[in-house]
Each structure stands twice: as structure tokens, then as C-alpha cells.
Amino acid sequence: MELVTTSIGVAAVAYGAYTGYLRMANPAKLGKLEAMRKFMGAQTGGIVHFVAYTILPVAAGIAFIFAGLNGVKVF
């Protein structure tokens with residue numbers, strides 16, 4: 001088990017889950033969300049922000065966790 005890779009994976013999953021929670025509970029705290037909505041339009045900006053700050057960190061975190069548990073050193 002690679003502790004550094006697994007720890008970074010857990011942190012990435014936690015970050016993605018936190019931003020997902022904030023999107024539902026208090027989107028005003030997400031400054032980049034409003035900036036993206038103004039720049040790209042409400043729907044497109046919201047989708048890009050959701051993918052970049054929620055989906056990608058969770059997916060990468062899961063991949064890092066599995067890699068770390070299998071002994072692969074990513075970092």
C-alpha cells in the first residue's frame with residue numbers, strides 16, 4: 001500500500017464531495033461558479049464547473065485510492 005497516493009486520493013474525493021455539497025447547500029460560496037456562469041452562460045458554466053470541480057476530483061481520487069492500495073506510486 002502506497003500511503004501518499006492513497007492519502008491524495010482520499011483528499012481529492014473529499015474535495016469533490018465538499019464542492020458538490022456546497023453547490024446544493026450554498027452556491028454563493030463558490031466564487032468560480034458565478035464567474036463561469038457569467039462568462040459561459042448559466043447552463044454551460046454550471047456544467048463545466050460541476051465537471052471540473054466535482055466529477056473530476058472524485059474520479060481521480062478513486063483512481064488514486066485504487067492505485068495506492070495496489071502499491072502503485074503515482075506521486
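For the structure itself, consult the block above.
Here is what the cut-offs are and how they apply
- Residues numbered from 1 in each chain as written.
- Predicted model: local features only at pLDDT ≥ 70, side-chain atom pairs only at ≥ 80, totals over all residues.
- Heavy atoms only, no water.
- Helix = DSSP H or I, 4+ residues; strand = E, 2+ residues; numbered from the N terminus.
- Rg over C-alpha atoms; globule rule 2.2 N^0.38 Å.
- Buried < 20%, exposed > 50% of the residue type's maximum accessible area, 1.4 Å probe, protein only.
- Contact = heavy atoms within 4.5 Å.
- Areas by Shrake-Rupley, 256 points an atom, 1.4 Å probe, with all protein chains shown as cover.

Here we look at the overall build of the protein
Across its full length, the protein holds three helices and zero strands. Counting from the amino terminus, the protein carries its helices and strands in the arrangement α-α-α. A compact globule built from 75 residues should have a C-alpha radius of gyration of about 11 Å, whereas the protein, at 15 Å, is more than 25% larger. For the protein, the spread of C-alpha atoms along the principal axes amounts to about 45 × 20 × 15 Å. Taking all 75 residues of the protein together, 28% fall into the buried category. Excluding contacts between residues fewer than 6 apart, the proportion of contacts in the protein whose partners are at least 24 apart in sequence is 66%. Accessible surface, the protein as shown: approximately 4,800 Å² in total, 71% of it carbon and sulfur.

A look at the environment of Thr5
Following the sequence through the fold, Thr5 ends up in helix α1 (residues 3–25). Once the C-alpha coordinates of Thr5 and Phe66 are considered, the two residues, 61 residues apart in sequence, prove to be 9.1 Å apart. Not counting residues within four places of it along the chain, the set of residues in contact with Thr5 comprises Phe64, Ala67, Gly68, Val72, Lys73, Val74 and Phe75.

Limitation: the analysis is restricted to geometry and does not speak to function.
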